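What the coordinates show
Here is what each chain is made of, one letter per residue.
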Amino acid sequence: MTRRILVTGVTSGLGAATAHALARAGAEVLLAGRNPTKLEQTRTDLVRALGPVTDDRTFPLVVVDLADLTSVRRAAAEVARLGPLDVLVNNAGVMALGPERSVDGFDLQMVTNHFAPFALTGLLLPTLIASGDARVVAVSSQIHRLARQAPVHDPRVPRLPHRPWRVYAESKLANLLFTRELERRAREAGLPLRALAAHPGRTSTGLLGGATHAGPRGIGAVLVRAFGTLGQSAEDGAAATVMAATADLPGGSYVGPSGPLEMRGLPHLVQPARAAQDDYAADRLWQVSEAATGVSYP
Ligand SMILES: NC(=O)c1ccc[n+]([C@@H]2O[C@H](COP(=O)([O-])OP(=O)(O)OC[C@H]3O[C@@H](n4cnc5c(N)ncnc54)[C@H](OP(=O)(O)O)[C@@H]3O)[C@@H](O)[C@H]2O)c1
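Residues numbered from 1 in each chain as written. Predicted model: local features only at pLDDT ≥ 70, side-chain atom pairs only at ≥ 80, totals over all residues. Heavy atoms only, no water.

**Thoughts on the site of the ligand**
Our working rule: A single heavy atom is enough: if one lies within 4 Å of a molecule or strand, its residue is considered near that molecule or strand. Here a polar contact is taken to be a pair of N or O atoms separated by no more than 3.5 Å, where protein atoms must pair a possible hydrogen donor with a possible acceptor and residues adjacent in sequence count only if both atoms sit in side chains. All accessible areas in this document rest on Shrake-Rupley with a 1.4 Å probe, and a residue is counted as covered only by the protein chains that are shown. For helices the rule is a DSSP run of H or I covering at least 4 residues; for strands it is a run of E covering at least 2, with both sets numbered from the N terminus onward. Residues are sorted three ways: Asp, Glu, Lys and Arg are charged, Ala, Val, Leu, Ile, Met, Phe, Trp, Tyr, Cys and Pro are nonpolar, and all the rest, Gly among them, are polar.
Taken together, 29 residues lie near the ligand, and Thr11, Lys38, Asn91, Tyr168 and Thr205 sit nearest. Threonine 11 places a side-chain nitrogen or oxygen 2.6 Å from an oxygen atom of the ligand. Considering the ligand on its own, with 900 Å² of exposed area, one finds that the protein chains cover 95% of that surface. For the shell around the ligand, the secondary-structure elements that each account for two or more residues are helix H1 (13-24) and helix H5 (164-189). Of the residues contributing to the shell around the ligand, the split by class is eleven nonpolar, 13 polar and five charged.

**Section: the packing of aromatic side chains**
Formally: Each Phe, Tyr or Trp ring (for Trp, its six-membered ring) is paired with any other whose centre lies within 6.5 Å, and the angle between the two planes then decides the class: stacked below 30 degrees, edge-to-face above 60, tilted in between. Any residue under 20% of the maximum accessible area for its type is buried, any over 50% is exposed, and the rest in between are partly exposed; the area is computed with a 1.4 Å probe on protein chains only.
Under the counting rule described, the total for this entry stands at seven aromatic pairs. Geometrically, the ring pair formed by tryptophan 165 and tyrosine 168 is edge-to-face, given 6.2 Å between the ring centres and 85° between the ring planes. With tryptophan 165 and tyrosine 168 both in helix H5, this residue pair falls three residues apart, about one helical turn. When its relative accessible area of 10% is taken as the criterion, tryptophan 165 is described as buried. Tyrosine 168 gets classed as buried once you look at its relative accessible area, which sits at 6%. Among the aromatic residues, ring-to-ring pairing joins Phe118, Phe178, Trp286 and Tyr297 into one connected group.

**With respect to the pairing of strand S5 (residues 134-139)**
Defined as follows: In short, DSSP must find at least two bridges between two strands for them to pair.
Counted residue by residue, S5 has six buried out of six residues, so it is predominantly covered. Both strand S4 (residues 87-90) and S5 contribute to a ladder of four bridges, which runs parallel. Counted as the bridge partner of valine 87 is arginine 135 from S5. Where S5 and strand S6 (residues 193-198) come together, six bridges link them in parallel fashion.

**A word on the environment of glutamate 183**
Let me state the cut-off plainly: Contact definition: two residues touch when any of their heavy atoms are within 4.5 Å.
In this fold, glutamate 183 is placed in helix H5. Exposure remark for glutamate 183: the relative accessible area of 9% places this residue in the buried category. Residues glutamate 183 and aspartate 248 lie 65 residues apart in sequence; the distance between their C-alpha atoms is 16 Å. Setting aside residues up to four positions removed in sequence, glutamate 183 forms contacts with Leu193, Arg194, Ala195, Gly251 and Gly252.

Next up, the structure:
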């Protein structure tokens with residue numbers, strides 16, 4: 001049976017590479033992004049790269065702006081109408097943004113990277129479970145190791161001073177804590193769903209283009225230079241996500257590159273930081289996420 005896999009953020013970088021790899025492996029990939037014109041182009045590029053498709057795959061487009069929870073609700077309803085979903089890959093993300101707020105009043109970076117994916121996953125849970133063997137894959141980052149604490153404060157209340165890299169690190173820690181808690185709850189409820197996570201090491205993509213507050217000095221500048229010039233290709237970076245989405249792995253697995261410092265190389269199982277294995281923080285973040293997004297998991 002053709003696996004149906006929704007990937008967010010397919011319009012560039014790792015998301016595009018993930019969509020291509022999954023489509024090459026025979027999946028019906030639902031292409032999700034915020035920009036309809038870019039999405040059309042992504043599908044055109046995908047179909048051209050695949051060559052003639054002899055089955056009935058259509059690569060549906062799903063317009064979703066993760067900076068707008070109304071858009072997330074609309075997209076989830078649209079996806080639910082298309083039928084059961086085997087895998088949700090929460091790939092889309094932004095890095096080191098300024099203090100901008102989303103239309104719902106959230107920190108823009110935090111809602112895009114954690115709260116909207118939390119809401120999308122919760123809204124799609126019945127659609128995922130209907131597949132009988134579902135997965136949810138989070139795309140985290142080695143930068144989660146720099147986070148001192150989980151983002152368990154109300155995301156609608158600005159934290160001053162605004163520290164772009166702290167927010168990014170905490171959002172990527174949130175991806176791992178969400179995965180841990182979703183996996184725990186799925187096991188406890190006996191749901192046919194596994195939660196896994198992956199990270200791409202250091203990959204050259206457009207992510208830095210959005211890092212409006214990377215700063216000329218300090219950690220921002222170091223990371224910008226490192227990611228921009230030394231990164232592996234998007235295809236190689238996406239391999240960890242593809243492994244988490246398709247390989248025979250238990251729930252809770254975390255996949256990353258096998259090279260030095262997990263920066264590049266073939267994907268294998270890796271260990272997250274201790275902060276990402278904190279059950280109390282995972283539960284707290286879940287409560288905060290439900291309250292902030294208004295999405296309660298069934
Ligand atoms: N590159 C790395 O080295 C690296 C390392 C660790 C983790 N990651 C993670 O990998 C993921 C993908 O990043 P990337 O490197 O591929 O960056 P990218 O090339 O900038 O791609 C980001 C994608 O997210 C989409 N996106 C951003 N804001 C959105 C929103 N509000 N609603 C819907 N989609 C939105 C973008 O859409 P538009 O095209 O419309 O902007 C784009 O498709 C992120 O979660 C990032 O944290 C990357």
